[in-house]
Amino acid sequence: MAAYLDRDQAAGEQVPAEDAPPPPPDLVALAHAYGVDSTYNPGGGTVPVGSDTLVAVLAALGVDASTPEAVRAGLHRHRVETAARLLPPTVVVRQGRRTALDVPAEAELAVELEDGGHWDLPKGHSHWLPADLPLGRHRLTAKAGPREASAALIVAPERLAAPPGRSWGFLAQLYSVLSDRSWGMGDLGDLADLAQWAGHAHGAGFLQINPLHAGMPGAPSDPSPYRPSSRRFADPVHLRIEAVPEYAYADAVVRDAAERAGRLRAEVLDHDGLIDRDAVWALKREALEALYAVPRTVGRRAALEAFTAREGEWLERYATWCALAEQHGPNWHAWPKGLRRPDGPHLAAARAELADRIGFHRWLAWLVDEQLGRAQQAAEDAGMAVGLIHDLAVGVHPDGADAWALQDVLAHGISVGAPPDAFNAHGQDWGLPPWRPDALAATGYGPFAELLRAAARHAGALRIDHVMGLFRLWWVPAGHPPTRGAYIRYDAEAMLGVLALEAHRAGAYVIGEDLGTVEPGVREELASRGVLGTSVLWFERDWRAKGEILPPERWRAGCLATLTTHDLPPTAARIGGEHVELRHRLGLLARPLGEEQDAARTELAEWAAELTARGLLAEGAEPTPEALYAFLLATPAALVGVWLPDAVDDPRPQNLPGTWDQYPNWRLPVADREGRPVTLDALAGAPSTARLVAGPAARLGRPTPPRGAV
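Since this is a predicted model, take the numbers as computed values, not measurements.

## Here's the deal with empty space enclosed by the protein
- Per the counting criterion, the structure on display carries 6 cavities of 30 Å³ or more.
- Considering only enclosed or pocket space, the largest cavity measures out at about 310 Å³ in volume.
- For the largest cavity, the lining is made up of 23 residues, of which Arg 232, Ala 234, Leu 372, Ala 454 and Ala 455 are closest to its centre.
- Mapped by element, the contributors of at least two residues to the lining of the largest cavity are strand S13 (230-234), helix H8 (298-328), helix H10 (355-381), strand S14 (387-392) and helix H13 (446-456).
- For the lining of the largest cavity, the class distribution of residues is 12 nonpolar, 4 polar and 7 charged.

Here's what the structure looks like:
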């Protein structure tokens, strides 16, 4: 039987995506039936997705499309199953709206509420879910003759609440913010101090930080916070050891580790060193192993037991994976076969054997949860209207804890990435397995909801990295270059509904990172649901008016406005031109150095003219960070984010996309313009900091309210 392989691929050659012949109509129909797009637009017109890509993507969804016969059988099976289905696996509706159900007229419908209540729905020629269903995760049942079905029923709020007025805050990479008490990298104690200082001293309303997700074990580790082992649990490397209550009763081992931490800290602060996460964790782990042996009080034991009960099976799977990784290595694909699934036949015996190590990792997760809660409380006590904004990465490492625990709802042999576009002709492969949309629906979106619930527990707001992934993701099959991927559609109404419900219940606002290629209508839909966007000053242009600078009054109000992000040049580099020189040294420029420098100077001159015209900059002066942030303050943006390193003119980006070991990504401490590391205390007292925050504090700052005030 013939297989769907392009001629040149069968000959062993790679065909650029734009040269692939269009796939057969039946294969296109099958792909569409399962939410797989058969074309994409990189900016220069529609490009067909190759047949081999469609076959591989469908295989990851459990659909055989390897031959024309298999495709026809798959189409027939899909039609039969769809016709026979009484209810979809999950129904997501908005509170306040009547929602029509596509069920037979004779069907009997009922709703089992999550609080134990029961609603029988009236019969009729058509069936509707009432508008006054309570928010929550319920169960919908249907009977029609001999057929019976049930589905998860999620009732979500129509729209999330907006933040209470405009506010400003810092954007920080926590690991980079060292104090005189840090053990070689910023920790949760530093986070609480930063929040208290920003709120009390300058009226900041929020503090956004990088993802604190649990990283992959082993050395050398991947320092990127965006490719974690688990998004569900935070990394114990962020713990402030001295803040663990048992520290007061620790033995000499812990005291000795604390002394050695001083030398590790000095290596970074006094010798212009890089943050060594592996060395920090080795030292902290030594101390934590000793602290684990310290007897806990009756109250502390009860608190740990309550945390364990609350976290349930998720915590058990995570702690089990951590213990197994110590014994068998961090790649679960290479473990003994009986341990490669969380329900594997040898897992019960392994859990019994590793009970103490599982307990240790369970305890670590509890300690991090405690300190995260204290940090958010510190932000609230400092008068922050929002508090901490936690960042939720787009995915997880394929060999890590979540990929093992959630393998039934993640696509195997697939990586998330981005298609070719005007900025990256080769596309991107991020090395992260995506959610399977069909598996998520079959579980009632439970894993996604639990992830959001955990992320929002100690947050005033959530930042959703690559929020466009709630609508579609670019899937790259294993062995394919990023140019040979395809977009897979997710049920955006369901994904947004689950997000809205969990954020509402947590009292958290939501910010979507919607930079880059965004499908038409996505930003509008997010805004209609109360999800704030992200607007970066350098990208806000009026492309209908020859790319002129967008006036501040025309910016969207529903956004976090800023000058930069972790993937972009800091403001000092933009003004000084170091960002072009850096990319030139590393061979990352797409044009000759002179052309890039001319373009950067032209952009800066345009901004100088704009700022001068608005009275924010003296005639003939170069743009300053203060003037640029003043422009942001003139927009209606709900949140204005100040990049913390801008306070001391640090010109170095925290991450330089397109590099690996050529640049110290995710390992740089906050430093001054000469590259000398700056502690949190020194940053707080620097004259440059006072100058930078004076505008935001005067315009949007709020003094800490007196105790008991509303």
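There is more to say, and it comes next.
## Looking at unusual backbone geometry
- In this chain, Ala 219 is followed by Pro 220 through a cis amide linkage whose omega measures 0 degrees.
- Turning to its location among the elements, Pro 220 is positioned in the loop between strand S12 (213-214) and S13.
- Phi is positive for Tyr 445, close to 60 degrees, though the residue is something other than glycine.
- Overall, the relative accessible area of 4% leaves Tyr 445 in the buried class.
- The phi torsion at Trp 666 lies on the positive side, around 65 degrees, for a residue other than glycine.
- In this structure Trp 666 comes out as buried when scored by relative accessible area, which is 8%.

## A look at the confidence of the model for the chain
- With 96% of its residues at a pLDDT of 70 or more, the chain has an overall mean of 93.
- Predicted confidence for residues 1-18 stays below pLDDT 50, and this span has 36 contacts to residues more than four positions away or in other chains.

## Notes on the sheet that holds strand S24 (residues 559-562)
- With respect to topology, 8 strands assemble into an open sheet ordered S20-S17-S14-S11-S10-S25-S24-S21, the strand pairing being parallel. At either margin of the open sheet sits one strand with a lone partner, and together these are strand S20 (509-512) and strand S21 (533-536). Going across the sheet, the axis of each strand differs from the next one's by a mean of 25 degrees, ignoring polarity.
- Where strand S10 (residues 167-172) lies against strand S25 (residues 639-643), 5 bridges are found, and the strand directions are parallel. Counterpart to Leu 171 in the pairing with S25 is Trp 643.

## Details of the pattern of salt bridges
- This structure, assessed with the given rule, holds 52 salt bridges.
- Ionic pairing is found between Arg 453 and Glu 450, a salt bridge with its closest N-O pair at 2.7 Å. On the criterion of helical spacing, the pair formed by Arg 453 and Glu 450 is a turn pair, its members being 3 residues apart in helix H13.
- A residue is classified by how much of its surface remains accessible, and Glu 450, at 12% relative accessible area, is buried.
- Through salt bridges with shared partners, a single network forms among Arg 232, Arg 310, Glu 311, Asp 369, Glu 450, Arg 453, Arg 457 and Glu 502.

## Here we look at the layout of surface pockets
- In this structure, the second largest pocket spans a volume of roughly 820 Å³.
- Together, 27 residues line the second largest pocket, and Arg 85, Pro 89, Pro 437, Asp 438 and Ala 441 are the ones closest to its centre.
- Those elements that place two or more of their residues in the lining of the second largest pocket are helix H4 (68-84), strand S3 (90-94), helix H12 (437-442) and helix H14 (492-506).
- For the lining of the second largest pocket, the residue count by class is 15 nonpolar, 4 polar and 8 charged.

Cut-offs and rules
- Residues numbered from 1 in each chain as written.
- Predicted model: local features only at pLDDT ≥ 70, side-chain atom pairs only at ≥ 80, totals over all residues.
- Heavy atoms only, no water.
- 1 Å grid on protein atoms, 1.4 Å probe; cavity = no way out; pocket = protein on both sides within 12 Å on 5 of 7 lines; lining within 4 Å.
- Points joined across faces, edges and corners; volume = space filled by probe spheres on them.
- Helix = DSSP H or I, 4+ residues; strand = E, 2+ residues; numbered from the N terminus.
- Nonpolar A, V, L, I, M, F, W, Y, C, P; charged D, E, K, R; others polar.
- Buried < 20%, exposed > 50% of the residue type's maximum accessible area, 1.4 Å probe, protein only.
- pLDDT = per-residue confidence, 0-100.
- Contact = heavy atoms within 4.5 Å.
- Pairing = 2+ DSSP bridges.
- Axes fitted to C-alpha atoms, helices over the stretch in contact; angles between N-to-C directions.
- Salt bridge = Lys/Arg side-chain N within 4 Å of Asp/Glu carboxyl O.

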